[in-house]
Amino acid sequence: MTYDLGVLFGTSVGYLGILFLIAYYADRKVIPTTWIDHPVTYSLSLGVYASSWTYYGSVGFADSNGYLFLTIYLGVTLAFILSPVLLKPLLKLTREHQLTSLADLFSFRYRSQLAGIMVTLFMLVGSLPYIALQIRAVTESLQILTQQTTPDILALGFCLTLMLFAILFGARHASPREKHRGLVAAVALESLVKLIALLLIGIYAIYFIFDGPNHLGDWLKINPDAVTALFESTQNQSWFTLILLSFSAAFLLPRQFHMLFTENLNEKSLDTATWLFPLFLLALNLFIPVILWAGNFIQLEGNPDTYVLGITLNSDISWLPLLAFLGGISAASAMVIISSIALANMCLNHLILPVKFPRSDQNLHTWIIWGKRTLIVLIILAGYAFYSLFQQRQGLAQQGLLSFVAVAQFLPGIAGVLYWKQATRPGFIAGLFAGMSV
């Protein structure tokens, strides 16, 4: 089964158009505010953590590293379990002192403009591979569904659509403290879409490819290596490292910090997210081994990263591949939109305004808004340039780990913010410079 490229592109644009409408009506309170402000909506919006790495790359990571793929979510779960001593104090600090980014937080704690500049630059460079990963995942999914090479112009068109969305719903206010209810609602819906898509694909794998759990069990008995391969990594020394990296990413990635703290409307919502968000991640990963086994069972060719889409193409259910494709679009678009908004705010506050403040005859409100919009465009274009120049053939998970390693450098600084009063400005800057150099 193959699909026309124009149909797929039109479907993705139409889907993003629906998100536009949801964000638009949420901002204008046509959608009840009790829905938008509900703790469940807030918890689902944190699902922006699950990018195309989760949606596509988890299967490939499981194929090459077995159950190590779970570490990317175990670390997050640990961070939320420690919410009373980690996330809640950070939330309280950001709300009391009007801090909207990690760069703001470190500048405030260490009384250093240089700290804010370094954090912003490092975060920006560390995020580009992750943005490029999302673009790569979308273009590869188009290639799988059409069985033809995807023109680079479509990848650029995808980026332009995301720029428009981010500008309209994430750069309309001069103050970064303004809440974007419409944006939160749209991201929450995207989280639901990718969750439903992965669950349905997993159910399809069990009942249509394996013809039920009993036949799946029989196949595993005949092919014990399929299970053994997943367990071989349990003695791998990478467990602790990967859990530490995902623990850091849970609240230090630009998009996670933004959704956790900047877009938080009610401190009590974090109480719900403490248990609901880990359950959401558990549900997302419930069928990853089954999808891997299904791809091996029908002998799919190519990278296991593509199995989420590949097994649906063996189906007579014409809408299932489209749903799988839209799940991937949801995972990629949410990450790029929120990351570009968060990074634009950081760049404006710590790179642009210190060196170029608007003239007295300029409208400060307009200048700041257009500054944000320009930065959003430049950041997404930089991600596209990274994708075009460095189209790596490594797995999605391995490419995504670059950003996780980058944000892990900020963990000692967070210890200094919360519990290490003796931490000093020179120590933080020296440590961060060493980490950046490595």
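Scroll up a little and you will see the structure.
Residues numbered from 1 in each chain as written. Predicted model: local features only at pLDDT ≥ 70, side-chain atom pairs only at ≥ 80, totals over all residues. Heavy atoms only, no water.

A. Highlighting the environment of M123. With respect to the helices, strands and loops of the structure, M123 is situated in helix 8 (residues 113–146). For M123, a relative accessible area of 2% puts it in the buried group. Between the C-alpha atom of M123 and that of C347, which follows or precedes it by 224 residues, the distance is 9.9 Å. Those residues within four positions of M123 in sequence are excluded, and the remaining contacts are L102, L252, P254, L343, M346, V407 and F410. (Helix = DSSP H or I, 4+ residues; strand = E, 2+ residues; numbered from the N terminus. Buried < 20%, exposed > 50% of the residue type's maximum accessible area, 1.4 Å probe, protein only. Contact = heavy atoms within 4.5 Å.)

B. The packing of aromatic side chains, seen in detail. Evaluation of the coordinates by the stated rule reveals 23 aromatic pairs. Note on F247 and F251: the rings are 5.9 Å apart at their centroids and 85° apart in plane angle, and the pair reads as edge-to-face. Of this pair, F247 and F251 both sit in helix 13 (residues 238–252), four residues apart, which is roughly one turn of the helix. Residue class for F251 comes out buried when judged on its relative accessible area of 0%. (Phe/Tyr/Trp six-rings, centres within 6.5 Å; stacked < 30°, edge-to-face > 60°.)

C. A look at the pattern of salt bridges. Inspection of the entire model under this criterion finds four salt bridges. Close ionic contact of K88 with D271 constitutes a salt bridge, the shortest N to O distance being 2.4 Å. One end of the pair, K88, is in helix 6 (residues 87–96); the other, D271, is in helix 15 (residues 269–285), and 183 residues separate them in sequence. Among the residues examined, K88 registers a relative accessible area of 34% and is labelled partly exposed. Across the pair E140 and R136 runs a salt bridge, and its minimum N-O distance is 3.1 Å. (Salt bridge = Lys/Arg side-chain N within 4 Å of Asp/Glu carboxyl O.)

D. The environment of Y3, seen in detail. Checked against the element boundaries, Y3 lands in the segment before helix 1 (5–27). The sequence separation of Y3 and Q143 amounts to 140 residues, and the corresponding C-alpha distance is 9.8 Å. Contact partners of Y3, with chain neighbours within four places excluded, come to L8, L145, T146, L313, S318, P321 and L322. At 2.5 Å, the side chain of Y3 forms a polar contact with the backbone oxygen of S318. (Polar contact = N/O pair within 3.5 Å; in protein donor to acceptor, adjacent residues only side chain to side chain.)

E. A look at a nonpolar patch on the surface. Where nonpolar side chains cluster on the molecular surface, the patch consists of L192, I196, L200, I203, Y207, F208 and W319 and spans about 690 Å² of accessible area. With six residues, the top contributor of residues to the nonpolar patch is helix 10 (residues 181–209). By secondary structure assignment, the location of F208 is in helix 10. Overall, F208 belongs to the exposed group, its relative accessible area being 55%. (Patch = residues over 30% accessible without salt bridge, like charges linked within 9 Å, V, L, I, M, F, W, Y side chains within 5 Å. Areas by Shrake-Rupley, 256 points an atom, 1.4 Å probe, with all protein chains shown as cover.)

F. Fine view of the nonpolar core. Counting 158 residues, the largest nonpolar core has L102, F251, F404 and F410 as its most contacted members. Here this core takes 18 residues from helix 18 (residues 319–352), the largest share from any one element. (Core = buried A, V, L, I, M, F, W, Y, C linked by side-chain atoms within 4.5 Å.)

G. Broad picture of helix 16 (residues 288–297). For helix 16, a buried count of eight out of 10 residues is recorded, marking the element as mostly surrounded by other parts of the structure. Along helix 16, the residues that are buried comprise I288, P289, V290, I291, L292, W293, A294 and G295. Contacts from the buried residues of helix 16 go to helix 4 (52–65), helix 10, helix 11 (213–222), helix 12 (225–231), helix 15 and helix 17 (307–310). Q299 sits one or two positions beyond helix 16 and adopts a positive phi of about 60°.

H. Molecular detail of the packing of helix 1 against helix 18. Between helix 1 and helix 18, whose axes approach to 10 Å, the crossing angle comes to 55°. In terms of orientation, helix 1 and helix 18 fall into the oblique class. Crossing angle aside, the handedness with which helix 1 passes helix 18 is right-handed. Contact residues: L8, T11, S12, Y15 and L16 in helix 1; L322, F325, L326, I329, S330 and S333 in helix 18. A breakdown of the residues in the contact of helix 1 with helix 18 according to their chemical character gives seven nonpolar, four polar and no charged. (Axes fitted to C-alpha atoms, helices over the stretch in contact; angles between N-to-C directions. Parallel < 35°, antiparallel > 145°, perpendicular 65-115°, else oblique. Left-handed = near helix turned anticlockwise from the far one by under 90°. Nonpolar A, V, L, I, M, F, W, Y, C, P; charged D, E, K, R; others polar.)

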